[in-house]
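Topology and contacts: notes
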4 protein chains.
Amino acid sequence: MRESNDIITVLGVIGTDPEAKVTSNGVPLIKFRMASTQRKFDKETNSWADGNTNWYTVSAFRGLARNAIASLHRGDPVVVTGRLHLRAWNTGERQGTSADLEADVIGLDLQWGTANFQRTMRAQP
Amino acid sequence: MRESNDIITVLGVIGTDPEAKVTSNGVPLIKFRMASTQRKFDKETNSWADGNTNWYTVSAFRGLARNAIASLHRGDPVVVTGRLHLRAWNTGERQGTSADLEADVIGLDLQWGTANFQRTMRAQP
Amino acid sequence: MRESNDIITVLGVIGTDPEAKVTSNGVPLIKFRMASTQRKFDKETNSWADGNTNWYTVSAFRGLARNAIASLHRGDPVVVTGRLHLRAWNTGERQGTSADLEADVIGLDLQWGTANFQRTMRAQP
Amino acid sequence: MRESNDIITVLGVIGTDPEAKVTSNGVPLIKFRMASTQRKFDKETNSWADGNTNWYTVSAFRGLARNAIASLHRGDPVVVTGRLHLRAWNTGERQGTSADLEADVIGLDLQWGTANFQRTMRAQP
């Protein structure tokens, strides 16, 4: 598969308490919901207005998961880059589509505040 | 709003006959559904396997719409870059989420075939 | 390496006659120079003005190269996504940096004209 | 100009002490050099090897600059998304090209360590 396909960068806010999990293979995993509220420039009023909010279910694995679990809280602004998976679900009574984002990158977004970094890993994988 | 937010590049195949429309303001508009089938490398079998298919509703406006209407057909492979809008819908009986992609860029994807370009516009806007 | 690193999408114009080559392993290769002229919105004059022009050396391989060779000409507008390599060079007399872009995706950009697609490949790799 | 043009996401390490500046209009500005070392998978040896290092000159303005100045140090890993400007320079004796990246987003990259966020701004602009 070509590397660029379905890759999205989202600037959002963590909307749920991040969950720390372990896969059946023993791999650390983090999961949280993230909201990205879009803003639209209204040419008629010459001002910005709130637009649609996109909700994503973000997951990350291994070292990135471990560091994210130690760092992130509900309400924190993050930049997430990853591959988007749109999945249809159907419970019988209800159906819908969820937008899952498998994060390749999670960063604390310095647009909205400050942070101090503590290195836990040396080598570049 | 920051420019990078919710921008996605999708390599997909046009899954419906493109519709040519005009907005209430007289702006040309194209709409089509696009499928992006993901491929996963399975480390155990050392081979690629089909993964999830993402479906997007793509729209574009103005000159890009005009050229796309004259160029694109169901089954054509395209590269689309644009802003993703995840929208909840509810008809009373059914509900779901649609993934709308307002295209900033539509290109004919030369991975899968050839194409000859005919310029219709001169200046860079 | 993480997939997202140094990935760039460029909307540009092919500035040289594309060269068709074959690597020492017999792999088809296309090379061309591409110019991307940026535009800046000047808030004082309320209008767009020409900005900097970025020049990239684009290369692609295998099936994408074959189709691109059959399709592309100097002056054609393209959308290219790929990994950027900034390389320092030094001839003794002169030195500089070249921006090489190994294309994962090359599309004919429908912003500026029309094109008709002819499929040459069936399966999704 | 179309929003997607020349937008790049770079995962890099800050290679110089960040400089805090103020523009002639009184706008806060941060500048630093960032190195992004690429890794290549060698199919013959079935292992990863170091590849090329890209060097970028990153700048950011206003609130993002203020928070970045309070947060970032040489050696910190960051994810930066922004527009790339390749500029030719010539001092008479030497010439070259610099890769300038005007950051729309700077995040502390949680792949390599942990960080705790302190919010300084409320509203989404």
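Next up on the list: the overall build of chain A. Check the secondary structure of chain A and you find one helix and seven strands. When the helices and strands of chain A are placed in sequence order, the string is β-β-β-β-α-β-β-β. Viewed in the frame of its principal axes, chain A has a C-alpha envelope of about 55 × 45 × 35 Å. For chain A, the exposed surface amounts to about 6,000 Å²; the carbon and sulfur share of it is 46%. Of note, chain A has its 15 positive side-chain charges centred 5 Å away from the centre of its 13 negative side-chain charges.

The next thing to look at is helix 1 (residues 62-71) of chain D. Within the sequence span of helix 1 of chain D, burial applies to Gly63(D), Leu64(D), Ala65(D), Asn67(D), Ala68(D) and Ser71(D). Looking at the buried side of helix 1 of chain D, the elements it contacts are strand 7 (113-119) of chain A together with strand 3 (28-42), strand 4 (47-61) and strand 6 (95-109) of chain D.

This paragraph deals with the relation of the copies chain B and chain D. Of the two same-sequence chains, chain B is brought onto chain D (RMSD 0.0 Å, axial shift 0.0 Å) by a rotation of 180°. When the rotation and shift are considered jointly, the pair of chain copies conforms to a two-fold rotation axis. Taking the C-alpha atom as reference, chain B places Glu3(B) closest to the rotation axis, 3.3 Å from it.

On to the interface of chain D and chain A, then. At the interface, 38 residues of chain D touch 38 residues of chain A. The largest contributions to the chain D side of the interface with chain A come from Leu110(D), Trp112(D) and Phe117(D), which together make up 23% of the buried area. Inspection of the region where chain D meets chain A yields zero salt bridges. The interface formed by chain D and chain A contains 17 residue pairs in polar contact (both at pLDDT 80 or more). Mapped onto the side of chain D that touches chain A, the elements with two or more residues apiece are strand 1 (7-14), helix 1, strand 5 (77-90), strand 6 and strand 7 (113-119) of chain D. At seven residues, strand 7 of chain D tops the list of elements feeding residues into the side of chain D that touches chain A. Classifying every residue of the side of chain D that touches chain A gives 18 nonpolar, 15 polar and five charged.

A side chain with one charge may pair with a side chain of the opposite charge, provided their charged atoms come close. Residue and element names in this part refer to chain B. Following the criterion strictly, the structure yields eight salt bridges over all chains and no others. With a shortest N-O distance of 3.7 Å, Lys21 and Glu19 are connected by a salt bridge. Among the ionic pairs, Asp100 bridges to Arg87, the shortest N-O distance being 3.0 Å. One end of the pair, Asp100, is in strand 6 (residues 95-109); the other, Arg87, is in strand 5 (residues 77-90), and 13 residues separate them in sequence. Here Arg87 falls in the partly exposed class, since its relative accessible area comes to 36%.

So, about the environment of Val13(D). Relative to the elements of secondary structure, Val13(D) occurs in strand 1. Here the alpha-carbon distance between Val13(D) and Thr91(D), two residues 78 residues apart in the chain, equals 28 Å.

In this section: the confidence of the model for chain A. Do not read the fine detail of predicted coordinates wherever pLDDT is low. Mean pLDDT for chain A: 89, with 97% of residues reaching 70 or above. Reported confidences for the modelled complex are a pTM of 0.90 and an ipTM of 0.89.

Another aspect to go through is the interface of chain B and chain D. Listed by partner, the interface residues are ten residues for chain B and ten residues for chain D. For the pair chain B and chain D, the summed buried area comes to about 880 Å², and 36% of that belongs to carbon and sulfur atoms. The three residues of chain B that bury the most area against chain D are Glu3(B), Ser4(B) and Asp104(B), which together make up 55% of that side's buried surface. Across the chain B-chain D interface, the total number found is zero salt bridges. Applying the counting criterion to the chain B and chain D interface returns zero residue pairs in polar contact (both at pLDDT 80 or more). Elements that contribute at least two residues to the side of chain B that touches chain D include exactly strand 5 and strand 6 of chain B.

The next point concerns the pairing of strand 2 (residues 19-22) of chain D. Across four bridges, the pairing between strand 2 of chain D and strand 3 of chain D is antiparallel. When the bridges of strand 3 of chain D are listed, Lys21(D) appears paired with Leu29(D).

Glancing now at the environment of Ser59(B). Residue and element names in this part refer to chain B. With respect to the element layout, Ser59 can be found in strand 4 (residues 47-61). Sequence-wise, Ser59 and Asp42 are 17 residues apart; in three dimensions their C-alpha atoms are separated by 34 Å. Those residues in contact with Ser59, other than ones at most four positions away along the chain, are Leu29, Ile30, Lys31, Leu101, Glu102 and Ala103.

Reading guide: rules and limits
- Residues numbered from 1 in each chain as written.
- Chains lettered and ligands numbered in written order.
- Predicted model: local features only at pLDDT ≥ 70, side-chain atom pairs only at ≥ 80, totals over all residues.
- Heavy atoms only, no water.
- Helix = DSSP H or I, 4+ residues; strand = E, 2+ residues; numbered from the N terminus.
- Areas by Shrake-Rupley, 256 points an atom, 1.4 Å probe, with all protein chains shown as cover.
- Lys, Arg positive; Asp, Glu negative; His and termini not counted.
- Charge placed at Lys NZ, Arg CZ, Asp CG, Glu CD.
- Buried < 20%, exposed > 50% of the residue type's maximum accessible area, 1.4 Å probe, protein only.
- Contact = heavy atoms within 4.5 Å.
- Least-squares fit on C-alpha atoms with pLDDT ≥ 70 in both.
- Buried area = accessible area lost by both parts, 1.4 Å probe.
- Salt bridge = Lys/Arg side-chain N within 4 Å of Asp/Glu carboxyl O.
- Polar contact = N/O pair within 3.5 Å; in protein donor to acceptor, adjacent residues only side chain to side chain.
- Nonpolar A, V, L, I, M, F, W, Y, C, P; charged D, E, K, R; others polar.
- pLDDT = per-residue confidence, 0-100.
- Pairing = 2+ DSSP bridges.

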